[in-house]
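# Remarks on the overall topology
Chain by chain, the residues run as shown.
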Amino acid sequence: MAYLLKVDGVVQGVGFRPFVYRIAYKYEIRGYVKNLGDAGVEIFVEGRKENVDKFLNSLKNEAPPLAKVENLKIEEVNSRGYKDFRIEKSSMGNGAGDSIIPPDVAICEDCLHELFDPKDRRYLYPFIVCTNCGPRFSIIESLPYDRENTSMRDFPMCELCREEYEDPLNRRYHAEPTCCEKCGPRYELYTKDGRRVEEDPLKTTARLIDEGKIIAIKGIGGFHIACDATNEEVVRELRNRLGREQQPFAIMVKDLDTIKNIAYVNPEEEVELKSYRRPITLLRKKGKFLAESVAPGLHTVGIMLPYAGVHYILFHYSSSPAYVMTSANYPDMPMVKDNEKIWGMIDAVDYILLHNRRIVNRIDDSVVRFVDGKRAIIRRSRGFVPLPIEMPFSYNGIALGAELMNSISLVKKRKIYLSQYIGNTSKIDVMDFLQEAIERFNKILKMKDFDLIIVDSHPLYNTSNFGRKMAKEIDVEVLEVQHHYAHIATLLLENKVKEIVGIAVDGVGYGSDGKIWGGEIIYLGKDGVRRYSHITYYPLPGGDLASYYPIRSLAGLLSLEYGEDEIRELLYKFTPGAISSLKYGEREFDIILQQIAKRINVSETSSTGRFLDAISSLLGVCYRRTYEGEPAMKLESFAL
Ligand SMILES: [Zn+2]
Ligand SMILES: [Zn+2]
């Protein structure tokens with residue numbers, strides 16, 4: 001009895017082939033298993049019927065933890081007389097590309113144990129990995145997922161590593177990034193003036209952080225800038241150097257017990273913190289453990305656990321239990337990932353800790369938050385990307401997203417592949433990154449033809465213009481989607497329903513009537529799309545300035561009910577601080593009132609974001625926005 005099996009899903013780079021080998025060995029199955037060029041796996045099996053049945057049963061039910069079998073095609077074929085079971089070389093193939101490589105996975109328990117075992121040959125070696133853990137998406141250039149298609153090809157395996165790699169019963173069997181002190185990448189520590197520090201780089205870095213230094217650290221998906229999160233002085237210094245007045249920093253805390261001294265953690269949050277994704281999780285602060293400047297004016301702080309060998313080793317040597325670990329970038333720029341580029345940030349740091357493995361795909365830490373025990377993803381990046389999302393209909397396309405906090409997605413047949421976090425696409429550097437991401441995903445997914453290019457209907461977004469241009473070049477239809485219709489459409493998918501009435505609570509999006517939308521009740525379903533209702537339009541004086549100075553929204557909002565003199569009187573009485581915090585103080589305030597009265601440079605909006613800004617300013621919580629969402633976030637913290 002013989003079968004040819006085709007397995008789709010997350011089945012490459014997750015120890016799937018060794019698993020198949022082991023069960024074949026167990027049930028005396030003959031044949032082969034191999035990776036296909038499209039990220040699927042092909043298995044040929046022959047053997048006694050009851051054994052083949054047992055094999056199939058194990059295949060379906062006992063796959064390794066990171067593997068995800070989405071589709072299993074079984075075809076009965078003629079026996080070919082194989083003598084044994086083999087793991088064959090990957091075929092380049094021209095398959096349909098329906099599968100995808102796994103995301104980057106935090107170091108596993110087994111590797112962690114070896115990392116701190118003085119008898120292990122990878123004792124304190126930060127690049128330790130196995131088939132169950134380690135970098136994946138961040139190091140891959142193209143499929144199939146083999147060492148030569150990743151940045152690990154720069155590091156030929158030593159004899160011992162190769163033996164493990166070739167032994168089907170070893171945990172490192174075909175662990176593509178496997179390596180050791182002898183053959184793998186290594187860390188080096190540099191001073192500001194480019195001198196290499198002779199002492200142990202990780203041990204020294206830990207000591208320097210304890211002493212209050214600020215250090216750029218190369219990790220899995222890019223560089224972080226790190227310092228001691230319990231040292232107020234150094235955290236404030238970091239703010240000065242980065243030009244980040246108020247925006248909260250994410251921190252990495254050495255273990256869960258320590259997190260519980262800093263923040264409240266419920267069971268769902270605990271599971272997520274410890275998951276292989278290790279996202280930054282927004283938690284409610286507790287006690288006075290951390291430097292106040294880590295997340296000033298907020299009741300929450302973004303915390304993650306260590307996820308790479310280097311992090312564990314640093315905490316092993318360090319006396320500080322918590323580091324600021326913020327992406328290495330100046331505001332609104334992409335995180336630095338290349339060794340040459342980090343020197344461009346030398347003014348912000350005292351030392352640079354880098355390694356010599358290339359990061360192919362930049363990938364920021366993911367950010368999640370729990371609301372009523374349910375996970376909400378704020379930034380979907382490391383640990384999630386490039387896993388696809390299933391969709392009930394089929395086409396091939398690219399969606400380019402909006403302007404801020406952008407990510408793009410490629411749609412192939414019934415799957416949506418969201419890119420990693422791209423950022424603020426009003427910046428040229430970020431648009432370059434966006435193009436890189438499209439090219440990379442294109443290569444991995446082997447996309448050839450597109451049916452559709454989808455853009456935000458905003459007339460001026462860089463992303464929308466890029467999409468329109470691209471569509472013209474390859475002669476494909478463009479679909480322009482209203483910003484909030486798109487938001488609500490995602491809810492259809494998330495809730496697996498065909499019809500929905502959704503509420504979009506948002507900052508700004510270009511409305512189909514040319515006004516600025518952001519507080520919308522929208523129907524989406526078999527009758528198409530309809531805007532049922534929205535926050536009453538109110539005037540927003542001064543265009544973009546309104547998002548930086550919440551008093552502008554407040555004055556606009558009040559003008560729905562009050563005249564110019566009444567607004568002046570009210571605001572002088574209730575929130576004089578907001579007036580004096582304007583760049584030109586009272587004079588500017590007068591101009592704002594005239595702008596509203598005469599409708600000069602005033603747009604109409606239904607934005608919830610600006611509405612919350614207005615309240616934040618009225619209550620004296622926040623007069624000036626220094627980062628996206630600040631007035632509303634501080635208002636929430638103030639209310640709780
Ligand atoms: Zn491992
Ligand atoms: Zn080695």
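Notes on the structure in this doc start here. (Residues numbered from 1 in each chain as written. Chains lettered and ligands numbered in written order. Predicted model: local features only at pLDDT ≥ 70, side-chain atom pairs only at ≥ 80, totals over all residues. Heavy atoms only, no water.)

## With respect to the side chain of S381
What counts is decided by this rule: Helix and strand labels come from DSSP, where a helix needs a run of H or I of at least four residues and a strand needs a run of E of at least two; each type is numbered from the N terminus. Classification of residues uses two cut-offs on accessible area relative to the type maximum, computed with a 1.4 Å probe and protein chains only: under 20% is buried, over 50% is exposed, and between them is partly exposed. Whether two residues touch is decided by their heavy atoms; if any such pair falls within 4.5 Å, the residues are in contact.
Relative to the elements of secondary structure, S381 occurs in the loop between strand 16 (374-379) and strand 17 (389-390). Classification of S381 as buried rests on a relative accessible area of 0%. The contact partners of S381, leaving out residues within four places of it in the chain, are I363, D364, D365, S366, Q420 and Y421.

## Thoughts on the environment of Y510
Topologically, Y510 is positioned in strand 23 (residues 500-510). On the accessibility criterion, Y510 (28% relative accessible area) is partly exposed.

## Overview of a negative patch on the surface
Put simply, the test is: A patch consists of residues whose relative accessible area exceeds 30% and which take part in no salt bridge; residues with like charges are grouped when within 9 Å of each other, and nonpolar side chains (Val, Leu, Ile, Met, Phe, Trp, Tyr) when within 5 Å. Under the convention used here, a 1.4 Å probe and the Shrake-Rupley method define accessible areas, while residue burial counts only the protein chains that appear. Salt bridges are identified by distance alone: a Lys or Arg side-chain nitrogen within 4 Å of an Asp or Glu carboxyl oxygen. By the counting rule applied here, Lys and Arg register as positive and Asp and Glu as negative, while His and the ends of each chain are not counted. For charged residues, the charge sits on one atom: NZ in Lys, CZ in Arg, CG in Asp, CD in Glu.
A surface patch of like charges, here negative, comprises D429, D432, E436 and E439. Assessed through its relative accessible area of 54%, E439 is described here as exposed.

## Things to note about the packing of helix 15 (residues 550-558) against helix 18 (residues 585-598)
For clarity, the threshold we go by: Helix axes use the C-alpha atoms of the stretch in contact, all axes being lines fitted to C-alpha atoms, and the angles between their N-to-C directions lie in the range 0 to 180 degrees. Should an angle fall under 35 degrees it is called roughly parallel, over 145 degrees roughly antiparallel, and 65 to 115 degrees roughly perpendicular, with every other angle called oblique. With the far helix as reference, a near helix turned anticlockwise by less than a right angle produces a left-handed crossing, and one turned clockwise produces a right-handed crossing. We call Asp, Glu, Lys and Arg charged. Ala, Val, Leu, Ile, Met, Phe, Trp, Tyr, Cys and Pro are nonpolar, and the rest, Gly among them, are polar.
The geometry of helix 15 relative to helix 18 is characterised by a closest axis approach of 10 Å and an angle of 40° between their N-to-C directions. With respect to each other, helix 15 and helix 18 are oriented oblique. Considering the relative orientation of helix 15 and helix 18, their crossing is right-handed. Here I551, R552, A555 and G556 of helix 15 come into contact with helix 18, specifically with E588, F589, I592, L593, Q595 and I596. Along the lines of polarity and charge, the residues of the contact of helix 15 with helix 18 split into six nonpolar, two polar and two charged.

## Points about the nonpolar core
One broad rule of soluble globular proteins: the nonpolar side chains tend to lie buried together. Test applied: In this text, buried Ala, Val, Leu, Ile, Met, Phe, Trp, Tyr and Cys residues form a nonpolar core when linked through side-chain atoms within 4.5 Å.
Grouped together as the largest cluster of nonpolar side chains are 78 residues, with contacts concentrated most on F16, V20, I43, F55, L59 and F85. At six residues, the largest contribution of residues to this core is made by helix 1 (residues 16-26). Those residues in contact with I43, other than ones at most four positions away along the chain, are Y3, L4, L5, V7, F16, V20, Y32, V33, F55, L59 and F85. In terms of nonpolar packing, the next biggest core, distinct from the first, is built from 39 residues, C227, A291, V336 and I352 among them.

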